[in-house]
Amino acid sequence: MNPYAQLILIASLTVIVAAPILFGAIGVWRSRSVASAAAASGPWRWQRTLHSSLLYALSFSLIFFIQELFLVVPKALTPGLRATLYHNNHNWTGDNPLAHLFQGTGALAILLTALGFVAWLKLRPPRTETARLFAIWMAFHGFFQSLPQVVVGAVLPQNDVGMAFGYLQWADTTKLVAGLIALVVIAAIAIRFAAPLLALARDPAEVATPGRRCGFMFRMATLPALLALPLIVAMRVPGSLDQVAIVPVAEFVIGVFWLQAYAWCAQPRRIGQAEPASSIAGVLSLVIAQLLIFQFALRPGIAFY
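This section reports on the structure supplied with the text.

Quick word on a positive patch on the surface
Phase 1: Residues Lys122, Arg192, Arg269 and Arg270 make up a contiguous surface patch of positive charge.
Phase 2: Counting through the fold element by element, Arg192 comes out in helix H8 (residues 172-192).

This is how it looks when you write it as structure tokens:
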């Protein structure tokens, strides 16, 4: 492993694993224990946890679809390339140097999608809890499916963004700087999602103390994300390990770890302004429809030629 790759690896482990664990441990110490924190923050509403879990799964696969679509469409419009879209990947045949550049268009598309949902949340926050959670998770997945690709692309030329870097003839030093900047941005963005999630509390008392904020975040983000993983995997099977499980698990570790770790010191605003969700039936129907589309329409492959 070259020195650049070693530096990226050490920085990644620090920012993605060690730092949130240490920061979260401080929060646990401040709140004395996560268990007492959860108990102190009011009754556990399982419907809200399941609601958030379904929206997490729905938005993950939607963001992934957007990424793959914008990997396929530029290639389909390029002379000499024939692209096919699948439920967990895409493929192409033919030869054109632009194909490597277009390996970066998927990450760019979902990064822009994330910024669009952030603008929605900032400028005109959705009125209902369902719409607000959907916007939060769409922005979250957009960032955490795109930015880590910059880090990986700085080390692995075979990665999608790594291929785009190769086409642009970026030097190793330039890729190293891009990867390190992406790591800092990942941590900075992850903690920014804590406040809007905590603002979904129905009563300010639910998130009034560090312990209560830890408990609320566990119920509305950490546990829902964990429960969503089997649903996400179900939409992506069959396939190799990297196609099916690595992306959703890595995103959980990279993003949700920071969310939970930062919850104890986040300061939510405008608590209780979102209208409660009436039922999870509508979201469940969307997830089932998405699963059917992924397995019966996308899994065989849709040719863009």
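There's more to say after this.
Comments concerning the sheet that holds strand S1 (residues 81-85)
Phase 1: Taken in spatial order, the 3 strands of this open sheet run S2-S1-S3, and their pairing is antiparallel. Of all the strands in the sheet, just strand S2 (90-94) and strand S3 (302-303) have a single pairing partner and so form its edges.
Phase 2: Two elements, S1 and S2, share 5 bridges in a ladder whose sense is antiparallel. Bridge pairing in S2 places Arg82 opposite Thr93.
Phase 3: Along the sheet face, helix H3 (residues 46-76) touches S1 and S2 and points at about 160° away from the line of S1.

Considering empty space enclosed by the protein
Phase 1: For the structure on display, the rule yields 2 cavities of 30 Å³ or more.
Phase 2: What the second largest cavity holds in volume is close to 30 Å³.
Phase 3: Along its surface, the second largest cavity is lined by Ala199, Leu200, Ala201, Arg202, Gly272, Gln273 and Ala274.

Concerning H8
Phase 1: With 21 residues, H8 extends 30 Å between its outermost C-alpha atoms, agreeing within 8% with the 30 Å of an ideal straight helix rising 1.5 Å per residue.
Phase 2: Among the residues of H8, those classed as buried are Lys175, Leu176, Ala178, Gly179, Ala182, Leu183, Ile186, Ala187, Ile189 and Ala190.

Scoring rules and cut-offs
- Residues numbered from 1 in each chain as written.
- Predicted model: local features only at pLDDT ≥ 70, side-chain atom pairs only at ≥ 80, totals over all residues.
- Heavy atoms only, no water.
- Patch = residues over 30% accessible without salt bridge, like charges linked within 9 Å, V, L, I, M, F, W, Y side chains within 5 Å.
- Areas by Shrake-Rupley, 256 points an atom, 1.4 Å probe, with all protein chains shown as cover.
- Salt bridge = Lys/Arg side-chain N within 4 Å of Asp/Glu carboxyl O.
- Lys, Arg positive; Asp, Glu negative; His and termini not counted.
- Charge placed at Lys NZ, Arg CZ, Asp CG, Glu CD.
- Helix = DSSP H or I, 4+ residues; strand = E, 2+ residues; numbered from the N terminus.
- Pairing = 2+ DSSP bridges.
- Contact = heavy atoms within 4.5 Å.
- Axes fitted to C-alpha atoms, helices over the stretch in contact; angles between N-to-C directions.
- 1 Å grid on protein atoms, 1.4 Å probe; cavity = no way out; pocket = protein on both sides within 12 Å on 5 of 7 lines; lining within 4 Å.
- Points joined across faces, edges and corners; volume = space filled by probe spheres on them.
- Expected span 1.5 Å × (residues − 1).
- Buried < 20%, exposed > 50% of the residue type's maximum accessible area, 1.4 Å probe, protein only.

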